[in-house]
Amino acid sequence: VDDGSSGDGTSADLLVDIDGDITLDSHTGAHYIKNNGTTFATFQNDIFRLDSSASSSPEIQLINSNTNANAPGLVFVKSATGADDDTLGRIQFIGDNESDAQHFYALIEGSIKDATANQESGMLEFKVADHDNTMTTGLKLDGDHSDGEVDVTIASGSTSTTTVSGNTVLTS
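Analysis parameters
- Residues numbered from 1 in each chain as written.
- Predicted model: local features only at pLDDT ≥ 70, side-chain atom pairs only at ≥ 80, totals over all residues.
- Heavy atoms only, no water.
- Helix = DSSP H or I, 4+ residues; strand = E, 2+ residues; numbered from the N terminus.
- Buried < 20%, exposed > 50% of the residue type's maximum accessible area, 1.4 Å probe, protein only.
- Contact = heavy atoms within 4.5 Å.
- Pairing = 2+ DSSP bridges.
- Axes fitted to C-alpha atoms, helices over the stretch in contact; angles between N-to-C directions.
- Patch = residues over 30% accessible without salt bridge, like charges linked within 9 Å, V, L, I, M, F, W, Y side chains within 5 Å.
- Areas by Shrake-Rupley, 256 points an atom, 1.4 Å probe, with all protein chains shown as cover.
- Salt bridge = Lys/Arg side-chain N within 4 Å of Asp/Glu carboxyl O.

Novice: An account of the overall build of the protein is needed here, citing residue identities and associated values.
Specialist: Along its length, the protein carries 0 helices and 10 strands. Secondary structure elements of the protein, listed N to C terminal, follow the sequence β-β-β-β-β-β-β-β-β-β. Expressed as a percentage of the 172 residues in the protein, the buried residues total 13%. Summarising the internal contacts of the protein: among those between residues at least 6 apart in sequence, 13% fall at separations of at least 24.

Novice: Explain the sheet that holds strand β4 (residues 38–44) to me, and be specific about the residues and the numbers.
Specialist: Spatially, 3 strands are ordered β3-β4-β5 in an open sheet, and the strand pairing comes out antiparallel. Where the open sheet ends on each side, the last strands, each with one partner, are β3 (30–35) and β5 (47–50). Taken over all neighbouring pairs, the strand axes of this sheet differ in orientation by 20° on average, direction set aside.

Novice: How would you sum up the pairing of strand β8 (residues 121–129)? Please name residues and give values.
Specialist: Where a strand is regular, its side chains alternate between the two sheet faces. As paired elements, strand β7 (residues 102–114) and β8 share 8 bridges and run antiparallel to each other. Each residue of the ladder has a partner; that of alanine 106, found in β8, is valine 128. Counting the residues in the hairpin turn of β7 and β8 gives 6 residues, including asparagine 118, whose phi is positive at 70°. As defined by bridge partners, β8 adjoins strand β9 (residues 135–142) across 7 bridges and the pair is classed as antiparallel. Note on β9: the bridge partner recorded for methionine 123 is aspartate 142. Between β8 and β9, which follow one another and run antiparallel, lie 5 residues, and asparagine 133 among them has a positive phi close to 70°.

Novice: Which residues make up unusual backbone geometry, and what are the values?
Specialist: Put simply, serine 57 and proline 58 share a cis peptide bond, and its omega is -5°. Within the secondary structure layout, proline 58 lies in the loop between β5 and β6 (87–96). Phi is positive for serine 56, which is not a glycine, with a value near 60°. Serine 56 gets classed as exposed once you look at its relative accessible area, which sits at 66%. One non-glycine residue, aspartate 85, adopts positive backbone phi at about 70°. In this fold, aspartate 85 is placed in the loop between β5 and β6. Taking relative accessible area as the criterion, aspartate 85 reaches 53% and is therefore assigned exposed.

Novice: Now, about the environment of isoleucine 154: what can you tell me, with residues and values included?
Specialist: Considering the arrangement of structural elements, one finds isoleucine 154 in strand β10 (residues 151–154). Accessibility expressed as a relative area gives 53% for isoleucine 154, which makes it exposed. Along the primary structure isoleucine 154 and phenylalanine 126 are separated by 28 residues, whereas in three dimensions their C-alpha atoms are 9.8 Å apart. With near-sequence residues (within four places) excluded, isoleucine 154 lies in contact with Gly138, Leu139 and Thr162.

Novice: Give me the lowdown on a nonpolar patch on the surface, citing residues and values where you can.
Specialist: Nonpolar side chains collect at one region of the surface, where Ile60, Leu62, Leu74, Phe76, Ile91 and Phe93 lie side by side and expose about 630 Å² of accessible area between them. Assignment of secondary structure puts phenylalanine 93 in strand β6.

In structure tokens form, the structure reads like this:
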């Protein structure tokens, strides 16, 4: 345990409390978790990062061994006063192109469509990069019209192709 008095930016204080709490103060704002000397997790400011060069890794698993019907969940919470069109959560898919430049390729985004009290409605969009790398909505679920109604928009642009396999049932 280092008291951090050297101020060299590499010293750290580690406190393990008897109730199981672990506190790490690195004096730099960056915290690293290593296994056999290799960093696999970094905490810095508001970012938690997992790194791996192994195939299909890193992976985050939420495991619930309870025998009831309820599954584990991933919850995005924006706790500030809501307003129409506020984004509440997103999952981004980023990768290198053939020139090793990183680009956004896909995005799932949930937002507030209407924040009016007693009329709260949401929107969920699935977006992909189109031919010029513009993020374009291909599927939109919009709950902002009337109680019990959700509008769905599929595809983008009049030349888009929508393929439906199997039987299609349309009702009104």
